[in-house]
Amino acid sequence: MIRFVKVLLAFCVAGLIVGVGTVAGLFWHFSHGLPDHKQLADYQPATVSRLYAADGRLLAEYAKEKRIFVPVAAMPKRLLEAFVAAEDQRFYSHPGVDFIGMARAAITDLANPGKRPEGASGITQQVAKNFLLSNQATLSRKIREAILAFRIEETYSKDHILELYLNEIYLGSGNYGVASAALNYFDRSLGELSLSEMAYLAALPKAPNRYNIVRNEKEAYARRDYVLGRMRDDGYITAAEEQAAKAEKLQYRKRGPTEVVSADFFAEEVRRNLLSAYGDKGLYESGLTVMTSLDPAIQQTADQALRAGLIAYDRRHGWRGAYARIADMGPNWQEEFARIQQRRPLYGPATWQLAVVTKVEPQAAVIGGLPDNGHDNGHDTGEGTVPFAEMRWACKTGPEQTVGACPARPANVVSVGDVIVVEKVEKDANNKPYPANTYGLRQVPNVNGAVIVMEPQTGRILAMSGGWSYGMSQFNRAVQAQRQPGSSFKPFVYLAAMDAGITPSTLVLDAPFEYDPGYGQPIWRPGNYQHEADLGPATVRRGLELSRNLMTVRLAQQIGMKRVVQVARDFGIADNMGAYLPMALGAVDTTLLRMTMAHAMLANGAHEITPSLIDRVQDRDGKTIYRHEPRVCQGCGEVPAGQKLTPPRIVDPRKPFHDPASVYQVVNMMLGVTVRGTAAQLAVLGRPIAGKTGTTNDSKDTWFLGSTPDLTIGVYVGFDEPRTLGRSEQGSATAAPIYERIAKVVYKDKPPVPFRIPPGLRIVRVNHDTGQPTFPGDPQAIDEAFKPGTEPTGDSQQVLDGSAAFSGDPSVAGAGGGGPRPTLTGTGETY
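Residues numbered from 1 in each chain as written. Predicted model: local features only at pLDDT ≥ 70, side-chain atom pairs only at ≥ 80, totals over all residues. Heavy atoms only, no water.

## Thoughts on the state of the cysteines
Convention followed: By disulfide we mean two sulfur atoms from cysteines, separated by a distance within 2.5 Å. Each helix is a run of H or I in the DSSP string that is no shorter than four residues. Each strand is a run of E no shorter than two, and both are numbered from the N terminus.
Across all of its chains, the model carries 1 disulfide by this definition. In this model, C395 is linked to C406 through a disulfide, with the two sulfur atoms separated by 2.0 Å. Residues C395 and C406 are joined by a disulfide whose S-S torsion is about 90 degrees; by sign, that bridge is right-handed. In this pair, C395 sits in the loop between β9 (382–387) and β10 (418–424) while C406 sits in the loop between β9 and β10, placing the two residues 11 residues apart along the sequence.

## Let's talk about the confidence of the model for the protein
Note the threshold: Every residue gets a pLDDT, meaning the predictor's confidence in that residue, from 0 to 100. We call two residues in contact when some of their heavy atoms are within 4.5 Å.
Of the residues in the protein, 88% have a pLDDT of 70 or more, and the chain-wide mean is 88. Segment residues 805–831: pLDDT under 50, and 69 contacts once partners within four positions in sequence are set aside and those in other chains are kept.

## Examining the packing of aromatic side chains
Convention followed: We call Phe, Tyr and Trp rings a pair once their centres come within 6.5 Å, taking the six-membered ring for Trp, and we label the pair stacked below 30 degrees between planes, edge-to-face above 60, and tilted otherwise. Accessible area is worked out with a 1.4 Å probe on protein chains only. A residue is then buried under 20% of its type maximum, exposed over 50%, and partly exposed in between.
Enumeration according to the criterion identifies 18 aromatic pairs in this entry. With centroids separated by 6.3 Å and ring planes inclined at 50 degrees, the aromatic side chains of Y185 and F186 adopt a geometry described as tilted. The pair formed by Y185 and F186 is uniform in burial state, with each residue classed as buried. When the centroid spacing of 6.4 Å and the interplanar angle of 75 degrees are considered together, the rings of Y313 and F719 count as edge-to-face. Taken as a pair, Y313 in helix α12 (residues 296–316) and F719 in the loop between β22 (712–718) and α20 (731–734) lie far apart in primary sequence, 406 residues in all.

## Concerning the sheet that holds β22
The criterion, for reference: Here, any two strands with at least 2 DSSP bridges between them count as paired. Only the stretch in contact is used when a helix axis is fitted, and all axes are lines through C-alpha atoms; the angle between N-to-C directions ranges over 0 to 180 degrees.
Strands sit in the order β13-β12-β22-β21-β20 across an open sheet of 5 strands; the sheet is antiparallel. The open sheet has two edge strands, β13 (461–465) and β20 (690–695), and neither has a second partner. Each strand of the sheet is rotated relative to its neighbour by a mean of 5 degrees, with strand direction disregarded. Two strands pair when backbone bridges link them, and strand β12 (residues 448–454) and β22 are joined in this way by 7 bridges, in the antiparallel orientation. Looking at β22, one finds that I452 is bridged to G714. Relative to the sheet, α12 contacts β12, β13 and β22, its axis offset from that of β13 by approximately 30 degrees. Packing against the sheet, helix α21 (residues 736–746) makes contact with β12, β21 (701–707) and β22, and its axis sits at approximately 140 degrees to β22.

## Things to note about the nonpolar core
A general trend in soluble globular proteins is that nonpolar side chains are found buried together. Our working rule: Working definition of a nonpolar core: buried Ala, Val, Leu, Ile, Met, Phe, Trp, Tyr and Cys residues. They are joined through side-chain atoms within 4.5 Å.
In this structure, L59, F266, F492, M561, F571 and M577 are the most contacted members of the largest nonpolar core, which totals 88 residues. If sequence neighbours within four positions are ignored, F266 has contacts with L59, T292, S293, L294, Q299, I461, A463, M464 and L613. Of all hydrophobic cores here, the second largest spans 52 residues; its members include A85, A181, A220 and M231.

## A look at a nonpolar patch on the surface
What counts is decided by this rule: Here the term patch refers to residues with relative accessible area over 30% and no salt bridge, with like charges joined within 9 Å and nonpolar side chains (Val, Leu, Ile, Met, Phe, Trp, Tyr) within 5 Å. Note on areas: these come from Shrake-Rupley sampling with a 1.4 Å probe, and a residue is covered only by the protein chains present in the view. Any carboxyl oxygen of Asp or Glu within 4 Å of a side-chain nitrogen of Lys or Arg constitutes a salt bridge here.
A cluster of nonpolar side chains, contributed by M1, F4, V5, L8 and L9, occupies part of the molecular surface with about 560 Å² of accessible area. Mapped onto the elements, L9 comes out in helix α1 (residues 2–31).

## Section: the side chain of T539
Of note, T539 is situated in strand β15 (residues 536–539). T539 gets classed as buried once you look at its relative accessible area, which sits at 1%. Ignoring anything within four residues of it in the chain, the contact list for T539 reads P504, S505, T506, L507, M551, H768, D769, T770 and G771.

## Concerning helix α13 (residues 333–343)
Which entries qualify depends on this criterion: Our arc is simply the arc of the directions from the helix axis toward the C-beta atoms.
By the burial criterion, the buried members of α13 are W333, Q334, F337 and I340. An end-on view of α13 places all buried positions within 115 degrees of arc, on one side of the element. What points out from α13, more than 90 degrees from its buried face, is the exposed set Q342 and R343. Summarising the contacts, the buried residues of α13 are in contact with β6 (324–325), β7 (352–360), β8 (364–370) and β10.

## Let's talk about unusual backbone geometry
Although it is not a glycine, Y519 sits at a positive phi angle of roughly 55 degrees. Position of Y519 relative to the elements: it lies in the loop between β14 (507–510) and β15. Here D749, not a glycine, exhibits a phi torsion of approximately 65 degrees, which is positive. Position of D749 among the secondary structure elements: in the loop between α21 and β23 (762–767).

## What about the pattern of salt bridges?
Under the counting rule described, the total for this entry stands at 40 salt bridges. Note that E61 and R50 form a salt bridge whose closest N and O atoms lie 2.8 Å from each other. Residue E61 is found in strand β2 (residues 58–62), and its partner R50 is found in strand β1 (residues 49–52); the two are separated by 11 residues along the sequence. A salt bridge links R232 to E242, with the nearest nitrogen and oxygen atoms 2.7 Å apart. With R232 in helix α9 (residues 217–233) and E242 in helix α10 (residues 239–247), this residue pair connects regions lying 10 residues apart in the sequence. For E242, a relative accessible area of 2% puts it in the buried group. Through salt bridges with shared partners, a single network forms among R232, D233, E242 and K246.

## Details of the packing of helix α14 (residues 490–499) against helix α16 (residues 549–559)
We count it as follows: In these notes the angle categories are as follows: under 35 degrees is roughly parallel, over 145 is roughly antiparallel, 65 to 115 is roughly perpendicular, and the rest is oblique. Crossing handedness: left-handed means the near helix sits turned counterclockwise from the far one by under a right angle, and right-handed means the same turn made clockwise. Residues are grouped as follows: Ala, Val, Leu, Ile, Met, Phe, Trp, Tyr, Cys and Pro are nonpolar; Asp, Glu, Lys and Arg are charged; every other residue, Gly included, is polar.
At their nearest, the axes of α14 and α16 sit 10 Å apart, and the two run at 40 degrees to each other. Considering the angle they form, α14 stands oblique to α16. Crossing hand, α14 versus α16: left-handed. Contacts between α14 and α16 pair K490, V493, Y494, A496 and A497 from the former with N549, M551, T552, L555, A556 and I559 from the latter. Here the contact of α14 with α16 is built from residues that sort into 8 nonpolar, 2 polar and 1 charged.

## Let's talk about the packing of helix α7 (residues 178–186) against helix α8 (residues 195–203)
Contact geometry of α7 with α8 gives a least axis separation of 11 Å together with a crossing angle of 120 degrees. Considering their axes alone, α7 and α8 lie oblique with respect to each other. Seen from above, α7 lies across α8 with right-handed handedness. Counted together, V178, A181, A182, Y185 and F186 of α7 and E197, Y200 and L201 of α8 form the full contact between these two elements.

Pasting the structure below:
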């Protein structure tokens, strides 16, 4: 017996030696080539980059993994306890691997051979796997995971390991880390979470999709309750706290409009700029904080004004037919309607919706398929009516945007089975109330446009609307559409003329004009808009106010197109503009952004600006890595000890890149455009607005650019595939009304601000029509700006007819004034 015991002990010792040796050998074998766990000391996870509007509200988030890093010291203690109780009960006592937990998992797996194996990885092992290894479910990976867990525990504190884990763990719905999950599930910071919400977050790592509170409420509550029970068992909470938390209903909350701003075109352009500056990794992983120049109130106003303007234009050009059609209006028409809604989602104002015409009456159309909360059969079964008064506008649209016959009854517009766009209306055109469930007929415009609102002093873009709907088309017409600016380019021709010595009172002939470009090209015969009657000799001011093509071309020929091209280049309109006479009428491709910038630099006195959507960019540590501010603040920042405090002062170190006197002369003439000229309807705004309309050949593109000293607003309207907007459409009819809608809101309750007059100019009271000195009480008297020595004297003036050219120094001032005049050759008529 003694001998047997000795043999048994020998075998046990030998087995122990072999076992220890085997384990040591495995550890030695799998230790080679392991990642360096010390890299976890400098943990910088991929975090979300966030864009904020100027008022601090969230605009957009960009990330490959939605994560907000939070130090463990800033996390609630109960949150840590919830995760420890749920994921690793003995976390604070084991050396990296929970051997008791592993043994329990092994016994469970043996007892249930057909089921999925129990997981036994503790928090430290999960950190090793998530940061340093792959998700491959193999024995070798588990051994390497255990080795790394031991090393991590030897190197880092338990709190640091928890910090790594809680910021890295995936918690479903694209959320990485507890802070991101708290924000996107409950719209709360970690410190605002209830015990119940903390327990729910701790329940997610096991199976985030399975325990999603929206999709699987029952299982989500069961898992949350399990975590609360574990917290009570481990002594973290009392039984009373457990019961109170279990009784709490989890409220999934989305961030509301008071916290999040909607400006899709603006945000996408910011994203493109950041991607260009910082690259893919910098934008999607570096956790940038980006303060944009977006003013949410102005953006909302711009969006609404653009949509209203496009709708107004679209209605003028008639009804193009139903949105879709259901051929079979049998018992199952609602199923086909649901398929149409899914295949062709409606993009437009939130109040618009699709409906189906179910009956056409003599004075109304009955519609169905409207939302009806009283039914739960899976289909919208609500009904309403569209009175004929709400579809009288639906005249038939014809070719070239012409309009045909207008309807006499509802049957001329719709028929049973038509899917139409409607909007609930409460009052008719005479402000009389409609019956309940009355709707108006609507139509998604096929025309499009864009709006930019910019600060002329800084180039900050306060709003950018790139089209009818970002969901329907991501093409940003404010920055991507290359279009001809038409007459909105003319102020820069007149600026070149002011540089050449011509004055606002100079007379220019408004009469038929021919230009032979030579080289076998046909003779060019431009005309005024819709062949309006010629004015004969008229002042330069009137030529700009009334946007006279013939006068503009004569001016350009008189001073030379090279001057015009240089001005266009200086103001950033076009980089490669040819010095051809038709270019004087805006026959060069550019963008709304460039045109708005150019007009803004007219408004600010020719100080260079760079259009910007971004005010400041900070890295994940809060360090400012970019700031857009051309001006300098003197007296800002820390004041040395003993130095006297002085008020901070904003100083603009920029010098005008163009003659401020010439610029102001043009701006002063542009003020007349919005009082007596092509945009005279804007006079109702009661403030000085330096504006210019623009319409291209065949009315394919229409523009309006308007500036005050505080804001420059650019508006463009046209088809994405250029074609005529209609013979009667021009910038004053399509674009200027959009400007007016915006201006009425943004300038409300703000006093008018005049443009600053640069030193050296002479302001002379002249007659508007003649440009000559006037008499007291003249109803047509205006203030005109002249450079010294060019003021009008009342003498006869020589008329520029475009056939003359400068001889001698073309910079000599005084054409049409009382001082020196450029010498004209050729035939000039005197009046």
